[in-house]
Amino acid sequence: MNLATLLDDHPGDHTALVAGGDRIGYGRLRDEIDATRGVLGGLGLEEGDRVAILCGTNPRFVRAWYGILGAGFVAVPLNPQAPAPQIMRELAVAEVRAVIAGPAGITALSEIDRSAVPTLEYLLVPSGTDLEGAVDLDEAMQRDNGAPIVRRDDDDLAALLFTSGTAGSPKAAMLSHGNFASNIRQLLSRPDLVTRPDDVTICVVPMFHVLGLNTILNLSMWVGATLVLVERFDPMSMIDMIENEQVTVLAGPPTMWSALTQLDGVDPAAFSTLRLAVSGAAALPDRVVHDAQERFGFRIHEGYGLTETSPSVTIASGSDAPVGSIGRPIPGVEVRLVDSDGDDVYIGDEGEILVRGPNVFLGYFGDADTTARVLDPDGWLHTGDIAVVDEYGHLFLVDRAKDLIIVSGFNVYPAEVERVLDTHPAVADSGVVGVPHPHTGETVKAFVVAAPDRAVEEDELIDWCAAELARYKCPTKVDVVDEIPRGLGGKVLRRELR
């Protein structure tokens, strides 16, 4: 199926999106997506071409996402707040031919070196944007009568999502129409997880992140629910929104839940309509779950997933899973815990999580070698995450076999940060690790060795990283050391740094 058909059968007058003061019914949303699809179809692109999305969490993203898929192209959602060098690299890796940008992405888009992305031909931007050679998408949509949805098979590529996930340095994970659709069906096969047409869900997670994209946006549109879009998270405003919109389903990263449960003076009645609360994208501290139960009377259920699994693998909702557990695998997903020899471990013993199912991705775009390292011949995805299972089948995350850092649910690979630090003239060597943080789960800490006769300034290095990397990837603390500990093969010994 083409995911763009998700919205076809819902009543036109039922509210699909709430964004600020705008309430968009399914009928109007379908018309706007049709027009977007028509504009894209008239550019001369070919089926399977990549089209990037540089939009915030707003209706522009939704129209772009379903418009691109419906036209038979491959969507490449990118972080519109990322610095231009990062966006430029990702556009080049994905061999993007067109970009749909909203106001949030215009600044970065205007700063990229077009010659570094030779495949890029078309920029589609909002009215009033002064960008050389760009197409006014808003105006073009008003003139376009739309176009039919292009047929796509389950194995056809739908999106490239950049992730550090199981592979090290950022790669473009290939997710098919069938990957996304199967994970939604897997979630909906659990009665306790069924999102209904009468539900109201808030999306505060960026939709370039797979949690916001599939578990929130696609799932809501699949069942015909109402989705409230929030571009910038503010805890007090969120409380008001939950109460005013009578929100029934709320999913987000631990940082969101931590901020909500730490607010003073909140009436528990504000959460009276909430029937399903889910945390994902990073480890959820037990204290946050206890705070929500004690103060507001609802249980936050933790889930586990990866970009490479579209994303959901397990969830604790609707079970007797103890606090701290990521639950059991959802229907249709196979999970194994294996030791270093690839043998299944015993109950209570640590093992790497392996995942298999129709939601597992196709591989990394243009990188067969890395794909082969994480996807074995039997279809098992080697996640690099370590867990234990109890006698009741509840899984508990223990550690990560890789060096991945997760900041507010977003993946950061230390080597990527080290490469940027090492280009600074005052840095002779560097090592990066993740350290606990009360609000973001983890934060990036850097250790650097100063170059001979050079002084290292912490703020200067942080700003240096910010020019090349998204803010969440930048160190928040830099320590100057005499030496970076390394093994015989030259690999940074991150455990010693920690």
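Residues numbered from 1 in each chain as written. Predicted model: local features only at pLDDT ≥ 70, side-chain atom pairs only at ≥ 80, totals over all residues. Heavy atoms only, no water.

Novice: Report on the overall build of the chain, specifying residues and quantitative values.
Specialist: Along its length, the chain carries 14 helices and 26 strands. Over its C-alpha trace the chain gives a radius of gyration of 22 Å, about what one expects of a compact globule, namely 23 Å for 498 residues. Projected onto its principal axes, the C-alpha positions of the chain cover 65 × 55 × 55 Å. For the chain, the proportion of its 498 residues judged to be buried stands at 58%. Working note: accessible area of the chain is about 20,100 Å², and carbon and sulfur atoms make up 48% of it. Once the 39 positive and 74 negative side-chain charges of the chain are each reduced to a mean point, those two points are 1 Å apart. (Helix = DSSP H or I, 4+ residues; strand = E, 2+ residues; numbered from the N terminus. Rg over C-alpha atoms; globule rule 2.2 N^0.38 Å. Buried < 20%, exposed > 50% of the residue type's maximum accessible area, 1.4 Å probe, protein only. Areas by Shrake-Rupley, 256 points an atom, 1.4 Å probe, with all protein chains shown as cover. Lys, Arg positive; Asp, Glu negative; His and termini not counted. Charge placed at Lys NZ, Arg CZ, Asp CG, Glu CD.)

Novice: With reference to specific residues and values, describe unusual backbone geometry.
Specialist: Ser310 connects to Pro311 through a cis peptide bond whose omega is -5 degrees. Following the sequence through the fold, Pro311 ends up in the loop between strand E14 (300-305) and strand E15 (312-315). Phi at Ser310 is positive, roughly 70 degrees, even though this residue is not glycine. Tracing the chain through its elements places Ser310 in the loop between E14 and E15. On the accessibility criterion, Ser310 (0% relative accessible area) is buried. Here the phi dihedral of Asp453 falls at roughly 65 degrees; this positive angle occurs in a residue that is not glycine.

Novice: Can you tell me about the environment of Gly363, naming the residues and giving the values?
Specialist: Inspection of the secondary structure puts Gly363 in strand E19 (residues 363-364). On the accessibility criterion, Gly363 (0% relative accessible area) is buried. When the C-alpha atoms of Gly363 and Ala172 are compared, they prove to be 8.5 Å apart, with 191 residues separating the residues in sequence.

Novice: Could you give an account of a negative patch on the surface, naming the residues involved and the relevant values?
Specialist: Side chains of Asp339, Asp341, Asp343, Asp349 and Glu350 sit close together on the surface and give a patch of like negative charge. Looking at the element boundaries, Asp339 is found in the loop between strand E17 (334-338) and strand E18 (351-356). (Patch = residues over 30% accessible without salt bridge, like charges linked within 9 Å, V, L, I, M, F, W, Y side chains within 5 Å. Salt bridge = Lys/Arg side-chain N within 4 Å of Asp/Glu carboxyl O.)

Novice: Lay out the environment of Ile300 in plain terms, naming residues and giving numbers.
Specialist: Relative to the elements of secondary structure, Ile300 occurs in strand E14. When residues no more than four places from it in sequence are discounted, the contact partners of Ile300 are Trp257, Ala277, Val278, Ser279, Leu284, Val288, Val289 and Ala292. (Contact = heavy atoms within 4.5 Å.)

Novice: So what's going on with empty space enclosed by the protein? Residues and values would help.
Specialist: Remark: the empty space left among the atoms is shown by a probe the size of a water molecule rolled over them. Tallied over the entire structure, the rule returns two cavities of 30 Å³ or more. Reported here for the largest cavity is a volume of approximately 40 Å³. Residue lining of the largest cavity: Thr36, Arg60, Arg63, Ala64, Ile100, Ala101, Leu137 and Met141, and that is the complete set. Of the residues in the lining of the largest cavity, the class split is five nonpolar, one polar and two charged. A volume near 30 Å³ is recorded for the second largest cavity. Classifying every residue of the lining of the second largest cavity gives five nonpolar, two polar and two charged. (1 Å grid on protein atoms, 1.4 Å probe; cavity = no way out; pocket = protein on both sides within 12 Å on 5 of 7 lines; lining within 4 Å. Points joined across faces, edges and corners; volume = space filled by probe spheres on them. Nonpolar A, V, L, I, M, F, W, Y, C, P; charged D, E, K, R; others polar.)

Novice: Give me helix H8 (residues 235-244): which residues, what numbers.
Specialist: Considered for burial, the residues of H8 that qualify are Pro235, Met238, Ile239 and Ile242. Buried residues of H8, viewed axially, fall in a sector of 100 degrees; they line one side. Where H8 is buried, its residues meet strand E10 (200-203), strand E12 (249-252) and helix H9 (254-261). Following H8 by one or two positions, Gln246 adopts a phi angle in the positive range, close to 55 degrees. (Arc of directions from axis to C-beta.)

Novice: So what's going on with the packing of aromatic side chains? Residues and values would help.
Specialist: Across all of its chains, the model carries nine aromatic pairs by this definition. Ring centres of Trp65 and Tyr66 lie 6.4 Å apart, and the angle between their planes is 65 degrees; this geometry places the pair in the edge-to-face category. A relative accessible area of 0% places Tyr66 in the buried class. When the centroid spacing of 4.9 Å and the interplanar angle of 70 degrees are considered together, the rings of Phe361 and Tyr364 count as edge-to-face. Using a relative accessible area of 3% as the deciding quantity, one classes Phe361 as buried. Three or more aromatic residues link up through ring pairs in this structure, and these residues are Trp257, Phe271, Phe296 and Phe298. Against the face of Trp380 rests Arg336, its NZ or CZ located 5.4 Å from the ring centre. (Phe/Tyr/Trp six-rings, centres within 6.5 Å; stacked < 30°, edge-to-face > 60°. Lys NZ or Arg CZ within 6 Å of the ring centre and 35° of its normal.)

Novice: Give me the lowdown on the sheet that holds strand E16 (residues 328-329), citing residues and values where you can.
Specialist: One open sheet accounts for nine strands, arranged E2-E1-E11-E10-E12-E13-E14-E15-E16; its pairing is mixed. Each edge of the sheet is formed by a strand with only one pairing partner; in this case those strands are strand E2 (22-25) and E16. Of the strands in this sheet, strand E1 (15-19) and E2 touch helix H1 (residues 26-41), which is tilted by about 80 degrees from E2. (Pairing = 2+ DSSP bridges. Axes fitted to C-alpha atoms, helices over the stretch in contact; angles between N-to-C directions.)

Novice: Now, about helix H12 (residues 414-421): what can you tell me, with residues and values included?
Specialist: Burial runs high along H12: seven of the eight residues are buried. Restricting attention to buried positions, one finds in H12 the residues Pro414, Ala415, Glu416, Val417, Glu418, Val420 and Leu421.

Novice: Could you give an account of the packing of H9 against helix H10 (residues 286-296), with specific residues and numbers?
Specialist: Two elements in contact, H9 and H10, have axes separated by 10 Å at closest approach and are oriented at 40 degrees. In terms of orientation, H9 and H10 fall into the oblique class. When you trace H9 past H10, the crossing you get is left-handed. Here Trp257, Ser258, Leu260 and Thr261 of H9 lie close against H10, whose contacting residues are Arg287, Val288, Asp291, Ala292, Arg295 and Phe296. (Parallel < 35°, antiparallel > 145°, perpendicular 65-115°, else oblique. Left-handed = near helix turned anticlockwise from the far one by under 90°.)

Novice: A description of the sheet that holds strand E26 (residues 477-480) should follow, citing residues and the corresponding values.
Specialist: One open sheet accounts for three strands, arranged E24-E25-E26; its pairing is mixed. Both outer strands of the open sheet, strand E24 (427-437) and E26, are each paired with one neighbouring strand and no more. Sheet twist, expressed as the mean angle between neighbouring strand axes with direction ignored, is 25 degrees. Relative to E26, strand E25 (residues 441-450) runs parallel, the two sharing four bridges. Paired with Val448 across the bridge in E26 is Val480. In the packing of H12 onto the sheet, contacts are made with E24 and E25, and the angle to E24 comes to roughly 140 degrees. Across the face of the sheet, helix H13 (residues 458-466) comes into contact with E24, E25 and E26 while running at roughly 125 degrees to E26.

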